[in-house]
Amino acid sequence: MPKKTLHHFSIERLNILDPEGVLLEADFPIQPKLLRHMFVQMLTLREFDVKAISLQRQGRMGTYASAAGQEAIHIGSAAALREEDWAVPCFREQGVYLYRGIPAKTLFVFFMGSEEGNRIPREQRTLPYCVPCATQILHAVGIGQAAKIRGESLGVVTYFGDGATSEGDFHEGLNWAAVTQSPVVFLCQNNQFAISTPPHLQYHGKTLAQQALAYGMPGLQVDGNDILAVYQATTEALQRARDGGGPTLLECMTYRMQAHTTADDPGRYRIDSETQIWRAKDPINRLERFLLHRGILQPGEKDVLITAIRQELKNESEAAEAICTRMSPDEMFNYLYHQLPPALKQQRDEVLMLMEIDEESRHA
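Residues numbered from 1 in each chain as written. Predicted model: local features only at pLDDT ≥ 70, side-chain atom pairs only at ≥ 80, totals over all residues. Heavy atoms only, no water.

Enquirer: Whenever I open this one, the overall build of the protein confuses me. Can you help?
Expert: A tally of regular secondary structure across the protein gives 13 helices and six strands. Taking 2.2 N^0.38 as the reference for a compact globule, 364 residues should give roughly 21 Å; the C-alpha atoms of the protein span a radius of gyration of 22 Å, in line with that estimate. Taken over the C-alpha atoms alone, the protein extends approximately 85 × 60 × 45 Å along its principal axes. Looking at the protein residue by residue over its 364 residues, the buried ones come to 52%. Partitioning the intrachain contacts of the protein with sequence separation of at least 6 by distance along the chain shows that 76% fall at a separation of at least 24. Counting only carbon and sulfur atoms, one obtains 53% of the accessible surface of the protein, whose full area is about 18,000 Å². Between the centroid of the 36 positive side chains of the protein and the centroid of its 45 negative side chains there is a distance of 4 Å. (Helix = DSSP H or I, 4+ residues; strand = E, 2+ residues; numbered from the N terminus. Rg over C-alpha atoms; globule rule 2.2 N^0.38 Å. Buried < 20%, exposed > 50% of the residue type's maximum accessible area, 1.4 Å probe, protein only. Contact = heavy atoms within 4.5 Å. Areas by Shrake-Rupley, 256 points an atom, 1.4 Å probe, with all protein chains shown as cover. Lys, Arg positive; Asp, Glu negative; His and termini not counted. Charge placed at Lys NZ, Arg CZ, Asp CG, Glu CD.)

Enquirer: Help me understand the packing of aromatic side chains in this model?
Expert: To describe a pair of aromatic rings, one takes the distance between the centres and the angle between the planes. Using the criterion set out here, one finds 11 aromatic pairs in the structure. Among the aromatic residues, those joined into a ring-pair cluster are Phe48, Tyr64, Tyr97, Phe108, Phe110, Phe111 and Tyr129. Cation over ring: Lys281 sits above Trp278, and NZ or CZ is 4.3 Å from the ring centre. (Phe/Tyr/Trp six-rings, centres within 6.5 Å; stacked < 30°, edge-to-face > 60°. Lys NZ or Arg CZ within 6 Å of the ring centre and 35° of its normal.)

Enquirer: Can you walk me through the environment of Pro128 in this structure?
Expert: Along the polypeptide, Pro128 turns up in the loop between helix H4 (104-111) and helix H5 (135-150). With relative accessibility at 32%, the residue Pro128 sits in the partly exposed group. Between the alpha carbons of Pro128 and Arg36 there is a distance of 27 Å; along the sequence they are 92 residues apart. What Pro128 contacts, discounting residues up to four positions off in sequence, is Pro89, Tyr97, Asn118 and Ile120.

Enquirer: Help me out: how do you make sense of helix H11 (residues 283-294) in this one?
Expert: Each turn of an α-helix holds 3.6 residues, which means side chains three or four residues apart point in the same direction. Between its terminal C-alpha atoms H11 stretches 17 Å, which fits the 16 Å expected from 12 residues at 1.5 Å a residue. Buried within H11 we find Pro283, Ile284, Arg286, Leu287, Glu288, Phe290 and Leu291. As for H11, its buried residues are in contact with helix H1 (32-57), helix H2 (71-80), strand S5 (219-223), helix H9 (227-242) and helix H12 (301-324). Immediately downstream of H11, the backbone of Gly295 shows phi near 80°, a positive value. (Expected span 1.5 Å × (residues − 1).)

Enquirer: Hey, could you run me through the side chain of Thr180 in this one?
Expert: The topology assignment puts Thr180 in helix H6 (residues 168-180). What Thr180 contacts, discounting residues up to four positions off in sequence, is Gln145 and Lys148.

Enquirer: Whenever I open this one, the sheet that holds strand S1 (residues 13-14) confuses me. Can you help?
Expert: An order of S1-S5-S6-S4-S3-S2 is seen for the six strands of this open sheet, with the pairing classed as parallel. Each end of this open sheet is capped by a strand with a single partner; those strands are S1 and strand S2 (86-88). When S5 meets strand S6 (residues 248-253), the two strands line up parallel, connected through five bridges. Bridge pairing in S6 links Gln221 to Glu251. Most of the contacts of H5 go to strand S3 (residues 156-161), to which it runs at about 170°, and overall it touches S2, S3 and strand S4 (184-190). (Pairing = 2+ DSSP bridges. Axes fitted to C-alpha atoms, helices over the stretch in contact; angles between N-to-C directions.)

Enquirer: Is there a simple way to think about the pairing of S5 in this case?
Expert: Successive side chains on a regular strand alternate, one facing one side of the sheet and the next facing the other. Along S5, five of the five residues are buried, which leaves the element largely enclosed by surrounding structure. Residues Gly219, Gln221 and Asp223 of S5 are buried on one face, and the alternating residues Leu220 and Val222, pointing to the opposite face, are buried as well. Following the chain from S5 across H9 to the adjacent parallel S6, one finds a crossover that is right-handed. (Right-handed = clockwise from strand over helix to strand, strands pointing away.)

Enquirer: In this structure, what is going on with H9? I would like to understand it.
Expert: Taking 1.5 Å per residue, 16 residues should reach 22 Å; H9 reaches 22 Å between its end C-alpha atoms and fits that length. In terms of burial, H9 is largely enclosed, as 12 of its 16 residues are buried. Every buried residue belonging to H9 is among Ile227, Leu228, Ala229, Val230, Tyr231, Gln232, Ala233, Thr234, Ala237, Leu238, Ala241 and Arg242, and all of these are buried. Two residues or fewer after H9 comes Gly244, characterised by a positive phi angle close to 90°.

Keep in mind these numbers describe shape, not what the thing actually does.
Encoded structure:
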C-alpha cells in the first residue's frame, strides 16, 4: 500500500557572531549598554570559577562544578529574562544567579556546605541549585503550569545538560509542558560530555533539538558560544511562552572547558587537542573582539575590569567564610522535613551530644 507523508521537519541552527567577533546578521540591533553589561557578567562568572576552584583546592570549599566555556549560555539567557520570569537551574548555573542579583557570597556559602546558600529571596524568582540530574525540569513545568492557571504572563527557563536528556524527567517534562502548553523554555547545554559520556554514546539523532518535534513544540539548535545568538533565541522563546505559544526546546552547543566537577579527571576520557580546538572558540574572547571593534570596549579595559572583579570576589568569599565559621553541625537537620522522623531525631540528638562533649573538652 502507498505510504502517506504525515509531516516533514527540519532543525535550524542560530549563529549571529562568528568566532572572530564578526556579525553574520547585518541588521542585528546593537544595544551597547546591554552588551557591555553582559561582557562584565561573563568576566565575573569566569573569575568566580577561578576563585571557587582555588578555594576548593585549598580545602576551604566543597566540590564545585565549573561553568568555564559556558558563560555565553548563562549570561545570554539570563539577560533575556524579565523580573517576573522564573529561572530553574541545575548545578553549574552560577552565571544565572549572579546576573539575577544573587550575591557571590551566597553562592560561596552554598559550596562551603551551608544551607544558608539556598536562601534565595522569593522575589528574585530563581530556584536553588538542583544537583540530581533532570529533576528540576519537572519543577519548572509545575511553575509554568501554575502561572498559566493563574493567568500570569511570564516565562520559565530551566537549565540542564545533554546527560539529562536520557532521564525520564526530561521526557515527562517536555510531554506535559506541550500537552498543557505551559510557558517553559527548556535550555539544554550540550557541552559534549554527560560527565564522561560523549555524544555518540548519549544519543543517536543528529541533534537533541529535534526531540522537541516528537512532543509538538519548536526546537532550535544554537551556537552556545555566541552570546548574541543565545540572547536572541531565549528572548524569542520566552516571548512566545508569555504570549501563550507554549514551550520551546533550545539546544545550545558548547564545550565544558574544565572537569565535570572538582571530583572529576577529564584526562581519563577526553584528549587535550579537542579541548584546544574549543578554547579557540572561547565565548568571552568572541564578544570582546566584537566590542573592541564597535568601540564599546577600549583596549586594556578588560584587565581593569578583571582586577576590580577579583577584589570584589575576594571580599565576597571572605564574607562567606565568616558566615560558615558560625555554622553548627546540627543545622544539617533543619531543612529536611517540617517534622523530623524518629530516626533523624535520634541522629540529631547524637550530634548535639557530641558537640556538647567537644565543647566541655575544650574548656577542661
